[in-house]
Amino acid sequence: MVLPLVPLPSSVTESTGALSLTAATRIIVENEADAAASALADGIAERTGLHPAITVDAARPGDIVVRRTARQGEHYTVHVGETAQLEGAEAGLFYAVQTVRQLLTAEGEAWVLPHVEIDDAPRFAYRGVMLDVARTFFDVDTVKAFIDRTSSLKFNHLHLHLSDDQGWRLQIDSRPLLAERSSTTAVLGRPGGFYTKDDFREIVRYATSHRMIVVPEIDLPGHTHAIGLAYPEIVEAPVMNDGLLAQSTALDQPLPAAGEPYLGWGVGHSSVKIHADETWEFLRDVLTEVAEITPGPYLHVGGDECLGTTQADFDAFIERVTALTVELGKTPIAWHEAGSARVAEGTIGQYWGDTSPAGAHADHARRFAERAGSVIMSPSNTAYLDQKYDADFPLGLDWAALIDLQTAYEWEPTAIVDALPAEAVLGVEAPLWSETVETLNDIDQLIFPRVAAIAEVAWSPAETREWASFRERVGRLGAAWEAAGWAGHRPAEIVWSSR
Ligand code: TNX
């Protein structure tokens, strides 16, 4: 039987036999306050009902040793023989724990860890997931639940889409009306909401403890209708466009009205006033505060779908906003359309076209590499978690593709944009837009199991990736997800094991 490991480690050598976990099993540490050891103890308890003690002692057969190494980074090793030994620096040990949790195997009434040697490190430095908290607002606990799920698959960046036409989600002290007015609405009349600065810090703290860097996005210059509910002087009047018409036919609100909430999900109708001094005073204030509460190196400034903006205005805006971001000490990330502009050196592009782009999409993506930046791959026809699995799936949109599990698995990040050097691919991100997503259960239905496929694309060596192997491993992982209380979709093409 294959080991239920996703993403597949770069090196796995199995041997016969297994370590039995019993009430006598202990976790041996050099320091009892070790975070990895307590995460491992919690994971074992959740799955098996055993409660291993954490102790500083010499290891006996059947014990699990958690050992910190000096070497930094995400590399780790797991050895399971007479004892189990986990080794890594802080990040590496976190991943070793996730791997050992997946290795826990039921044998009748007993629990074992199969004998194995694992030596593992990720393929890509940037392994991201995105949650759109703007279309639908998700409270701090739901964001934490999203972190629990995705960090278990070794994702290391959490991109929060904090603003859009339907709502603004972050308290900004210098612009109090954003929280007071712009945050009160959401798509389809759902309840609004926003994160206080303390809420945001709590999300950052929780993400950090799960080895995830928070990437806040303020989407600019489009997707800004909600700002106009608070600061109408800096937004343009809404404009009609094809994107809006195509997406909003089902909704009773073809064109948003200035100063009124927008509850549909059409795109491309809004913009801030690109040449107004007031706009830039606003942006400096807002982005300064966002940068201040963000320990991570990145600030995402949007740049997507400005359908009513002239190319010259768009490019002028992007050049200025990426320069401002650098001035504030952060590396800008922008959706790939921003590649039309003279982005600040080092700006990272996030590519959302499909896996075989024509024309401008690919040109724009290449631009980031030419300006000393790199590209995060989020192809919408394979990596978008908000697209339906199949035409009958009750949740999700379908404008990019129907994405079944195999489609989410079988794509190669370095083979999308012609003539983009492989080293310019910083990594992979799977976005979850929330137009059709209301609850944590909805999130689970759309992310599980596809997020596991994207995790493997992001982590595992290209030459080891194989659908036949993945489908078996992911099926065996279903039991661990159930034990954690993570429901989700269970496509019939996979054999799901129950324990
Ligand atoms: C496109 S792709 C968007 C979002 C929508 C999403 C829905 C991109 C950068 N923007 O505004 O939420 O489609 O699938």
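These numbers were taken from a predicted model, which means no experiment stands behind them. (Residues numbered from 1 in each chain as written. Predicted model: local features only at pLDDT ≥ 70, side-chain atom pairs only at ≥ 80, totals over all residues. Heavy atoms only, no water.)

**Some details on the overall build of the protein chain**
Convention followed: In this description a helix means any DSSP run of H or I spanning at least four residues, a strand means any run of E spanning at least two, and both kinds are numbered starting from the N terminus. Note on method: radius of gyration uses C-alpha positions; expected globular size equals 2.2 Å times residues raised to 0.38. A 1.4 Å probe rolled over the protein chains alone gives each residue an accessible area, and that area as a share of the maximum for its type sets the label: buried under 20%, exposed over 50%, partly exposed in between. The criterion used for residue contact is that any of the two residues' heavy atoms lie within 4.5 Å. Counted as positive: Lys and Arg. Counted as negative: Asp and Glu. His and the chain ends are not counted at all. Here the site of a charge means NZ on Lys, CZ on Arg, CG on Asp, or CD on Glu.
Secondary structure summary: the protein chain contains 13 helices and 18 strands in total. Against the compact-globule benchmark of 23 Å for 499 residues, the protein chain has a radius of gyration of 23 Å, which places it among compact chains. The principal-axis extent of the C-alpha atoms belonging to the protein chain is close to 70 × 45 × 45 Å. With 499 residues in all, the protein chain has 61% of them scored as buried. Excluding contacts between residues fewer than 6 apart, the proportion of contacts in the protein chain whose partners are at least 24 apart in sequence is 75%. Charged side chains of the protein chain number 37 positive and 72 negative; the gap between the two group centres comes to 4 Å.

**Remarks on the nonpolar core**
This is how the line gets drawn: We call a set of buried residues a nonpolar core when its members are Ala, Val, Leu, Ile, Met, Phe, Trp, Tyr or Cys and they connect through side-chain atoms within 4.5 Å of each other.
Counting 108 residues, the largest nonpolar core has L158 and L160 as its most contacted members. Those residues in contact with L158, other than ones at most four positions away along the chain, are V129, V143, F146, I147, I203, M212, I213, V214 and V215. Core analysis: the next-biggest nonpolar cluster, separate from the first, contains 33 residues, L19, V29, A36 and V116 among them.

**Details of the packing of aromatic side chains**
Both the distance between ring centres and the angle between the ring planes are used here to describe each pair of aromatic rings. Rules: Each Phe, Tyr or Trp ring (for Trp, its six-membered ring) is paired with any other whose centre lies within 6.5 Å, and the angle between the two planes then decides the class: stacked below 30 degrees, edge-to-face above 60, tilted in between. Comment: the charge-over-ring label is applied if NZ (Lys) or CZ (Arg) is within 6 Å of the ring centre and within 35 degrees of the ring normal.
Under the definition given, this model contains 18 aromatic pairs. An aromatic cluster is present here, built from W335, W352, Y384, W399 and W433 joined pairwise through their rings. Lying over the aromatic face of W459, K154 brings its terminal NZ or CZ to 5.7 Å of the ring centre.

**So, helix α12 (residues 450–459)**
Think of an α-helix as 3.6 residues a turn; residues three or four steps apart then line up on the same face. Among the 10 residues of α12, 10 are classified as buried, and the element is accordingly described as predominantly covered. Turning to α12, its buried residues number three or more, namely R450, V451, A452, A453, I454, A455, E456, V457, A458 and W459.

**A closer look at the packing of helix α1 (residues 35–48) against helix α2 (residues 90–103)**
Here is the rule we go by: Between N-to-C directions, angles cover 0 to 180 degrees, with each direction set by a line fitted to C-alpha atoms, over the stretch in contact for helices. If an angle is under 35 degrees, it is roughly parallel; if it is over 145, roughly antiparallel; if it lies from 65 to 115, roughly perpendicular; otherwise it is oblique. For any pair of crossing helices, the crossing counts as left-handed if the nearer helix is rotated counterclockwise from the farther one by less than a right angle, and right-handed if it is rotated clockwise. Each residue is assigned to one of three groups, with Ala, Val, Leu, Ile, Met, Phe, Trp, Tyr, Cys and Pro labelled nonpolar, Asp, Glu, Lys and Arg labelled charged, and all others, Gly among them, labelled polar.
Closest axis-to-axis distance for the α1/α2 pair is 9 Å, and the angle between their directions is 15°. Comparing their axes, α2 and α1 come out roughly parallel. The way α1 lies across α2 gives a crossing that is right-handed. From α1, A36, A39, L40, G43, E46 and R47 reach across to α2, where they touch L93, V97, V100 and R101. Taken together, the residues that form the contact of α1 with α2 break down as 6 nonpolar, 1 polar and 3 charged.

**Details of the sheet that holds strand β9 (residues 126–132)**
Under the convention used in this document: In this scheme, strands are said to pair when DSSP sees at least two bridges between them.
In space, the 8 strands of this closed barrel follow the order β9-β10-β13-β14-β15-β16-β17-β18, with parallel pairing throughout. The sheet shows a mean angle of 30° between the axes of neighbouring strands, taken without regard to direction. Where helix α5 (residues 197–209) meets the sheet, its contacts fall on β10 (157–161) and β13 (213–220), and the angle it forms with β13 comes to roughly 135°.

**Some thoughts on the pairing of strand β18 (residues 425–432)**
Of all 8 residues in β18, 7 are buried, a share of seventy percent or more. Bridging between β9 and β18 involves 6 bridges; their strand directions are parallel. By the bridge assignment, R127 is partnered in β18 with V428.

**Some points on the pattern of salt bridges**
Short version of the rule: Salt bridges are defined as contacts in which a side-chain nitrogen from Lys or Arg sits within 4 Å of a carboxyl oxygen from Asp or Glu.
By the definition in use, this model includes 27 salt bridges. For R149, the salt bridge is made with D444, and the minimal N-O distance between the two is 2.6 Å. Taken together, the residues span a long stretch of sequence, with R149 in helix α3 (residues 140–151) and D444 in helix α11 (residues 440–447) at a distance of 295 residues. The pair formed by R149 and D444 is uniform in burial state, with each residue classed as buried. Through salt bridges with shared partners, one network takes in D132, R135, D164 and E435.

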